[in-house]
Structure formats: structure tokens, C-alpha cells
Amino acid sequence: MRYNFRIVRDYHPQSLDRKWQARWQDTGAFEVTEDPSRPKFYCLEMFAYPSGHAHVGHVRNYMIGDVMARQKRMRGFNVLHPFGWDAFGLPAENAAIKQGIHPEQSTLANIAHMKGQLQRLGISYAWNREIATCLPDYYKWNQWLFLRMLERDLAYRKRSTVNWCPSCQTVLANEQVVDGGCWRCGTAVGSRTLDQWFLRITHYAQELLDATDRLTEWPEKVLTMQRNWIGRSEGARVKFALLRAGVSEAPSAPLPADAPAVEVFTTRIDTIFGATFVLLAPEHEWIERIADESADPAAVRAQVQKFRAQDRTARMTGEVEKEGFFTGRYAVNPFTGRAVPLWVANFVLGEYGTGAVMAVPGHDQRDFEFARKYGLPITVVVQPEGQPPLSADAMTEAFVEPGRIVGSGEFDGLWSTDAIGRMAEAAEARGIGARTVQFRLKDWGISRQRYWGTPIPVIYCGHCGMVPVPDDQLPVELPAMVEFTGRGDSPLAQVEAWVTAPCPACGRPARRETDTMDTFVDSSWYFYRYCDPRNDRQAFDPAKVRYWCPVDFYSGGVEHAILHLIYSRFFCRVFRDLGMVEHDEPFTRLLTQGMVLKDGSAMSKSKGNVVDPDDMLARYGADALRLYVMFVAPPENEIEWTDAGLEGSARFLARIWRVADQWCDAFAGRAVPALAGLAPNEAEQELRRVTHDTIRRVTHDLDPRVHLNTVVSALMEMVNALYAFCEAHTNTGIPGRRAKGEAGPVEERPETLAVLKEALDALVLMLSPFAPHTAEELWEMLGHEGGLAAAAWPAYDPVIARSSEIVVPVQVNGKLRGRLTVPADVTEEALKELALAEAAVRVHTAGKTVARVIVAKGKLVNVVVK
RNA sequence: GCCGGAGUGGCGAAACUGGCAGACGCGCGGGACUCAAAAUCCCGUUCUCCGCAAGGGGAGUGAGGGUUCAAUUCCCUCCUCCGGCACCA
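The structure contained in this document is the topic of the report that follows.

Conventions used here
- Residues numbered from 1 in each chain as written.
- Chains lettered and ligands numbered in written order.
- Predicted model: local features only at pLDDT ≥ 70, side-chain atom pairs only at ≥ 80, totals over all residues.
- Heavy atoms only, no water.
- Helix = DSSP H or I, 4+ residues; strand = E, 2+ residues; numbered from the N terminus.
- Buried < 20%, exposed > 50% of the residue type's maximum accessible area, 1.4 Å probe, protein only.
- Contact = heavy atoms within 4.5 Å.
- Arc of directions from axis to C-beta.
- Core = buried A, V, L, I, M, F, W, Y, C linked by side-chain atoms within 4.5 Å.
- Disulfide = S-S within 2.5 Å.
- Salt bridge = Lys/Arg side-chain N within 4 Å of Asp/Glu carboxyl O.
- Axes fitted to C-alpha atoms, helices over the stretch in contact; angles between N-to-C directions.
- Nonpolar A, V, L, I, M, F, W, Y, C, P; charged D, E, K, R; others polar.
- 1 Å grid on protein atoms, 1.4 Å probe; cavity = no way out; pocket = protein on both sides within 12 Å on 5 of 7 lines; lining within 4 Å.
- Points joined across faces, edges and corners; volume = space filled by probe spheres on them.
- Pairing = 2+ DSSP bridges.
- Phe/Tyr/Trp six-rings, centres within 6.5 Å; stacked < 30°, edge-to-face > 60°.
- Lys NZ or Arg CZ within 6 Å of the ring centre and 35° of its normal.

### Observations regarding the overall build of chain A
When you go through chain A residue by residue, the secondary structure sums to 26 helices and 36 strands. Here the C-alpha coordinates of chain A stretch approximately 115 × 90 × 50 Å along the principal axes. Evaluated residue by residue, chain A yields a buried proportion of 54% over its 866 residues. If you take every contact in chain A between residues at least 6 apart in sequence, the share linking residues at least 24 apart comes to 73%.

Encoded structure:
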């Protein structure tokens, strides 16, 4: 077989990008519909906030997802790979205040630009399913779902103290407060008291916690964060009956169970005999009443006010000195029957538990410090075992470990952990307490005093009260014209024509709710909408969601480990309980991709360290960028951006190009001899082995392992093997190494061409998820029609992938002393004999006794000598 | 403080089920090609010791211990870094 040399085609990745992106778009290559005959694969990357420009940190995530989507398509899966925009949010509105550009205008322009960037990267999205949450056809269903939650008491309105960001001029959920600052702008968070809408995520707290055990394909890190966030703790609520003002002695007869009482939450009811005072949070609901009934109401109020005014975050993180004051009132410890003073303390949290605690200074460090500071009594009710007994006067710190119960009447002698159960039972029997479970997780406050969000669909009527907007009047659309002043009240409240609306119940003039929803509402269910993005009768068709969901592979930044991912798990359960979805968890497998750093820190406009993918595309093409980002480290790792690494990937692509180009004319337009019936020589067989073994490695590393960096390594090794083969075993030689004078017909064995064709075909197919443009072009050059869309993932033959000869290391006492080259099917016995006969081994066994010979089949021989 | 995750060459990393530590790439060094350079191709590159050399010895995966014929991998103690929670009663 002969072929003629010609000049190597130049590799122009940029023109390949354009050519194949246009073709994919024209043919709708990545659009899909439900097809029950094929297994589905829902591959999703967290959608994007349209900030204007995507940097390589953002697009890394999309590239990871794209590799998985493309690879799954080739393996016969019906792949849903959609994209969309988390398009509501503060920056657009802040820009409007500053620059006077309407948020809708800037958002839509940003979306257009970023969409272009993603398309230039060749990400294989089903663009006809694109959604933007700021459009009424999306947020209508936020409103619809809100009304369903309202009906089920999963949405409710409550006056409450909330986190307030003075810079963003809005409320923040607890999850949005990071280290005491606003999650978006970092400004120190203050507090305000407002009527707020809440979603009752706590209804699912236990289920959300329990189900983390079944999320076996989520990173442990994320599950830990969610468990911490939910923060379950088991304990008991106990009532301390309140004595009337002026009474400081407990009555001799027990008080009735329904007497006015301060209820406390404790995890250490075993120490209750040591509870010598009770502490109330400054926010406690009874503070007002106690002040009124006190001798000097004004003084009490002033003290409370002082505590409430203390910096909210400092109070929550313990940076404020522990302070308190005596209210003048007493309560009764229900176990000792003694009166204990009632204090207010700044370190007691109003929003956790009951807002009141029993103070056990002997066994709680905070209470101990408080007692010493204010001269309150300390009683020891738990003694350590195997140590000298504690005395209250001599203690320098609280004893918080479990121990033997003392001074607690009938419970004396019990071990603390056993006493907890027994005392809780006793409290229950007397009707003065109950075992409870307390969660740190709080209901999700969704009210935002901003314009650029989903209007909350309720109307307040002077006669009917709060009235939900009927479904057939949805969506409640945002008014088009608004003046953006940045003032603290809701911008919608200023649009009188919009606010005034007839009451849906009685028809009289009423006023709309002027708060909008937290944008995390939008992102909590968008993955369902992708399944049926244009449905104007329902949020989605349950049958379509049943086919596509749950999401099989979800990737995004770890910064969403709590916020977005716990809200989505919550919404999934709401939809489930509405009968619209059948699964319990929305995301089967989660991958948290690491950030891309530049000069040691995350890319951001303000730091001026942003790497724009378009710059990289202009220099190296999309494939080199994609390949580099996949190769440099595992997807979960943070990576430091370097241009040098990118050049290495560009070189690798050119190296593939050259070897494929060198042989493609030999294959094109003629029948490459089939391998069957040919007799490849040793070198050719070895190349086949490399080909099949590489397919095996790559297939496994892609899925299920998602070790994308080692996939690229394996491809590089295969290319190195191809070059070595060309150099040593073909007449043509190394690609790009031909001297001009040598140009001319060169003969190759048919076997050589056949194994090369097999190798190059497989190489291009395996490359295609990473470098799809180059791969498409090479696939065409290799003589295939129909594009990669028509191609299947290469299969490997395990027999060919296995070498007929293997190299087995031989150790003596665990130290490597030699290597044996033996047939792959060598017996253990033969291997043992060969090992003992090996010269390098005998040097180390001479004069010693061979105690054992361990043969790990096909892997290693270890000779143990004494 | 509690709960997770991680620590391997000059750098990014690999080692899948306990079996040759450092694959692959970057960088660096050398060579080939070239009038020359770039590009390309080939070789070398954990540290250290012995040797002119071929070659050989020793150490080595944060530290120390343990289990094992054999440990980056399993167990214990500790150190450091990263992340989460944290006056949560």
C-alpha cells in the first residue's frame, strides 16, 4: 500500500471553532426530547448570574459538565444538558440606581454577551431550553408555588427582627450573613424589625438531615456543612414557674403545671438540680410584662434596650462581654422546689430554643463566669469519677464532662448520660417538661425590599385582610417604569398605580404586597423547569420531570453547599408533597468544582485579576483552553491559572493533529485493511495493546470516577506511544520529521496502517469530549461521515488490552531487587522459582534462610529471608 | 471548642482493592534538525552517597508510633493548612 506525502496541513483552531460551532447550531446537535427507549442522563451545571462577563473561573464548571455530557452522549445516553440564567438580583438593580439603566435592559444585554462566550467555548447546551428567571413566564411559577405553600401553611408572615444590609438596603437570610457581613458586599449586617414572609423549611428539618446519609454521591464536605447548618440537638423543655412580683420564696406546695412559667431548653437536664438562676434573652417575649410589673419599669427597659442595641453579630459570636441584670423576679426550679432569681443576659439568644435558659454554673462555663461575676450561688451536682470531689468554692472552671450525679435526691448515683433520660421522664410525668429536639435551622425569610425580583402574589385588603392573588391572575408582573432611588423601602411601594389593586375577594381597592422574593427561590427549582421550559399551563409537566429527573450529575461551586443546595432539597420535597415529583432528592451526584485563582486569589473585577476566556480563545482556540483546565488538576481542586500550562495543552493538540494528519491521506477514500485476517507483528500488536488499554483506562476514569485530569494524561501517553511507534516501526517516520528530499511514495505494511487507523480513530473519539472542535475535524479527516454525533464511544477488548508479557517486580524483605519479564499467564509456582533464581535476588538471599515467598499474582513477588 | 477535608519532587499532580512512589504535564538541562533562530523531534530530570563509566548502595509521601511479608493507602498520637459550625444552653 502506498501513499504520497503532502505538506502538513496547518492547525488553525480558531477557524475550526467557528466551523463546528456553526454546524452544531445548524443541526441542533444537542437538542433532545424524552425517549423512553434510551437511558437518560441529566447533566447540569449551576446556572449563571448574568454579571456581564464570564471569566475562566466560571467556565471551568461548564467545561467539566460538558465533558460528562458529551461522553455520555457517545455512550448511548439521551443527555439533557441545559443552561439558563439566574437573572434576578441586586447588582442589576444597584447598577440601575447608579447609572440609570433599567435592570431588565442590562440583564438581557449581559445574558446575550455571556451566552456568546459560552457558545464560543463549544459547550454542548440544549439552547432551546434556555431560561431566564427574570422573565414572567418563569417567575409566574415562583408565584404559583408560593400560593401552594401558603395554602399548606408552608409560607407565612411574621413580624420579626431580621438581618439588614445597610449597603444593599435589604434583608438577608441567616445563610446570607457570612462572618457578620453581607454575603454579597461584605458590609457589616445590622438588624431591623419588619413584617416578613417565611417559608417553613423547618417542617422538613429532620428529613433533610436524615436524608444526608443517603446522598452517597455527594462530597462529605458538603454533607457535613449541611448537617452543621441544620444543627439538631436533643434535649428537653422544662417550665420554671414564675413567682409574682415581690415574692422571693417558693410556696411549700408545688405550683400547678399550668401556672405562668418561663420555659427553658436544655441538653443537660441531668444538671437541673444545680440550676441556681434563670436567664432570659433581651428579646424574650415576657420582658415587657416583667418590666411593667417591676418597681422601676424605666430602669428595666433601659437595660434591655442597651443589650438589644449591642452589635448583633458581636453578640452572636461571643465578642461582647457577658453582662446581665437581675429583673427582681424569681422562678421555681421544679426539681429542687427552690426559688431562683430571674436575670436577663446579653449572651442568651432570643431566636434559639425558648429564648430562656436555666443556668447551671457548676457545669456550664458561661454560667460559671456569670455566677462568679455577679456573686450568684454555685452548686455541684455532677462529680467526676476517679478524681477528688469538686467543691463549689474551690472551682476555677465549670465541670462540663459527664459524671456521677450528686445532690439530686432520688437521682443520686446515676451516671449523667443515664440521668438525662430519667429526669426527662420525671419532668414529663409531672407535666412540667418534655423531651424535644431543637434545630439550629430556622425558617427561610424570603421578603426582600427590592424591585428586581419576583413580586410576592398577595394583596392586603382593608376588609378581607391578606388575600392571595388567584392563580388565574398570575403572573403578578413587575411594573415597567420605576424610579430607582436606592431608598430603603421597597421600590415597588413607590409605584402607586401598581400597588393599588382590587381585592380579589371583595373587589374593593386594596394594596399589593410590595416585597419581592429572595432570588434563591428562583434557583431552588429551575432544574425542573428545564425539563419543560415553555409550558404555560404548569410549572412543568410531571411526566417530563419523571423521565429526566433527578439530576444525575450536578456541578458547581462549593459556596452553594448550604444556601442553594439545601433550599433545592426543600423545594424538591414540597413538589413531592404536591404530587408533582416522585423522587426525594433532586441531585444524585454532586461535584463541587474548585475555584480558578490568579495570583493566589479568586478572580474578580475589583481585583483586576480576571482571565477572560475570549482572550484565550483568540490565542489558542477553545479546545486548548478546555483541555488545559481539565488536565491541570482534578475538578474539585483549586487551580492557579498559568499561561504556560495552557501552551502545553495547545502543543499537545498540535501533536495529535500532526500524527493524524500524517496518516489521514493513507486512510481517506480507500478501504483500510481490516484487522481481521491480518497478522500484526510484535510492535503492531503492542500498539493495539496500548490503544485498547487506553480506552479501558479512559472509559473508567471518565465515568464513574470523573478523574478528568488522568484521562488527559492517558491520552498523552497514548500519543507518546504513537510517536514512538511511527519512529521505530514505520517507514514514514515521525510526524513532521520528513526531510524535503525524502518526499515521495513510501510503502507501509497493511497491518501497520490498520493498527494506526484503529489507534487514531479511538484517540480522536476519546479526545472529543475535551476538544470537540479539533476532534470533529480530525474525525472528518480520518474519513468518517456524519460527524461525531453519529459516532459511538470506542469499545475495548480486554484480551488485547492485556499484555502477553508482564514485568513483575521482585522484592527481598520488601526491598526492590529485580524485575522478571514473564508470560502474563505465568503460574505462581513458576514465578516463585524464577524469583529465587534471579541473580539480583540471590545476592540478597545468600547465606540466609528463605522463610516465605509471597506471590501477589501478576503484581509482585516478595522473598522473606532471615 | 466541635465536625469535615487535605499535607507526595522546583511547580500542577499520579498511584483505582494494602503490592515497583513520583505516571502525565510545566519548568529546567542536554542533543538532533537549521547558516541561524523559532517551531519540531529525541534523551535526562525525587534527594543523597560510591564509581571515570556501565552500574550499585541508602533515604524518602507533614512528625512519631503500630498492624503487615509489604503502608501515600489501614489503626493510634501529634503538627500544619483549608472549609463549615460556634456564647446554640
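### Section: helix H11 (residues 365–374)
Those residues of H11 that fall on the buried side of the exposure criterion are Asp-367, Phe-368, Phe-370 and Ala-371. In a view along the axis of H11, the buried residues occupy a sector of 165°, so they form one face of it. On the buried face of H11, the contacting elements are strand E13 (277–280), strand E14 (324–332), strand E15 (339–345) and strand E16 (356–359). Phi turns positive, to about 65°, at Gly-375, one or two residues after H11.

### Focus: the nonpolar core
Within the largest apolar cluster, 196 residues are counted, with the highest numbers of intra-cluster contacts made by Phe-146, Trp-444 and Trp-641. The leading source of residues in this core is helix H19 (residues 643–667), at 13 residues. Once residues within four sequence positions are removed from consideration, Trp-444 is found in contact with Ala-173, Trp-197, Phe-198, Leu-199, Ile-201, Asp-518, Phe-520, Val-521, Ser-524, Tyr-567, Phe-570 and Phe-571. In this structure, Val-278, Ala-291, Leu-376 and Ala-419 belong to the second largest nonpolar core, which totals 55 residues.

### Here's the deal with the state of the cysteines
Per the counting criterion, the structure on display carries 0 disulfides. Cys-726 provides the cysteine sulfur closest to Cys-664, a residue in no disulfide bond, and the two sulfurs are 13 Å apart.

### Overview of the pattern of salt bridges
When the charged atoms of two side chains with opposite charge come close together, those side chains can pair. Taken as a whole and assessed by the stated rule, the structure comprises 51 salt bridges. A salt bridge links Glu-717 to Arg-697; the shortest N-O distance between them is 3.1 Å. In this pair, Glu-717 is assigned in helix H21 (residues 708–729) and Arg-697 in helix H20 (residues 682–702), connecting sequence segments 20 residues apart. With a shortest N-O distance of 2.8 Å, Arg-705 and Asp-701 are connected by a salt bridge. For Arg-705, a relative accessible area of 38% corresponds to the partly exposed category. When its relative accessible area of 10% is taken as the criterion, Asp-701 is described as buried.

### As for the packing of helix H17 (residues 613–620) against helix H18 (residues 622–631)
Close contact between H17 and H18 brings their axes to 7 Å; oriented N to C, the two are set at 115°. Facing Pro-613, Met-616, Leu-617 and Tyr-620 of H17, the residues of H18 in contact are Ala-622, Ala-624 and Leu-625. When grouped by side-chain class, the residues that make up the contact of H17 with H18 number 7 nonpolar, no polar and no charged.

### Let's talk about the environment of Asp-35
By the element assignment, Asp-35 lies in the loop between helix H1 (13–27) and strand E2 (40–45). With a relative accessible area of 22%, Asp-35 lands in the partly exposed category. The contacts of Asp-35, once residues within four sequence positions are left out, are Asn-78 and Tyr-547.

### Quick word on the environment of Val-264
Residue placement: Val-264 occurs in strand E12 (residues 261–266). Placed 390 residues apart in sequence, Val-264 and Ala-654 show a C-alpha to C-alpha distance of 71 Å. Excluding residues within four positions of it along the chain, Val-264 makes contact with Ala-236, Arg-237, Val-238, Phe-240, Val-278, Thr-354, Ala-356, Val-357 and Met-358.

### Structural notes on empty space enclosed by the protein
In this approach the atoms are scanned with a rolling probe the size of a water molecule, which exposes any empty space left behind. In this structure the tally under the stated criterion is 4 cavities of 30 Å³ or more. When its volume is computed, the largest cavity comes out at roughly 170 Å³. Gly-89, Leu-90, Arg-448, Asp-518 and Thr-519 are, among the 17 residues lining the largest cavity, the residues nearest its centre. Broken down by secondary-structure element, the contributors of at least two residues to the lining of the largest cavity are helix H3 (90–99), strand E7 (170–172) and strand E26 (516–517). The element contributing the most residues to the lining of the largest cavity is E7, with 3 residues. Here the residues of the lining of the largest cavity are counted per class, giving 6 nonpolar, 6 polar and 5 charged.

### Some words on the pairing of strand E22 (residues 458–461)
Looking at chain direction, E22 and strand E23 (residues 465–468) are connected through 4 bridges and run antiparallel. Within the sheet, the bridge partner assigned to Cys-461 lies in E23 and is Gly-465. Once E22 ends, the chain turns through 3 residues before running back antiparallel as E23. Bridging between E22 and strand E25 (residues 509–512) involves 2 bridges; their strand directions are antiparallel. Within the sheet, the bridge partner assigned to Ile-459 lies in E25 and is Arg-512.

### Section: the sheet that holds strand E35 (residues 850–856)
Across the sheet, 4 strands lie side by side as E34-E33-E36-E35; this open sheet has mixed pairing. Whereas interior strands pair on both sides, the edge strands pair on one side only; in this sheet they are strand E34 (815–823) and E35. Taking each pair of neighbouring strands and ignoring which way they run, the sheet shows an average axis angle of 20°. Where E35 lies against strand E36 (residues 860–865), 6 bridges are found, and the strand directions are antiparallel. Bridge assignment links Val-853 to a residue of E36, and that residue is Val-863. Each of strand E33 (805–812), E34, E35 and E36 is contacted by helix H25 (residues 828–837), which is oriented at about 130° to E35, the strand it contacts most.

### Some remarks on the packing of aromatic side chains
Under the definition given, this model contains 46 aromatic pairs. Here the aromatic rings of Phe-370 and Tyr-374 are separated by 4.9 Å at their centres, their planes lie at 50°, and the arrangement is tilted. On the criterion of helical spacing, the pair formed by Phe-370 and Tyr-374 is a turn pair, its members being 4 residues apart in helix H11. Among the residues examined, Tyr-374 registers a relative accessible area of 27% and is labelled partly exposed. Clustering of aromatic rings is evident, with ring pairs tying together Phe-47, Tyr-138, Trp-525, Tyr-526, Phe-527, Tyr-528, Tyr-530, Phe-540, Tyr-554, Phe-575 and Phe-587. A cation over a ring is seen here: Lys-72 above Phe-77, with NZ or CZ 4.0 Å from the ring centre.

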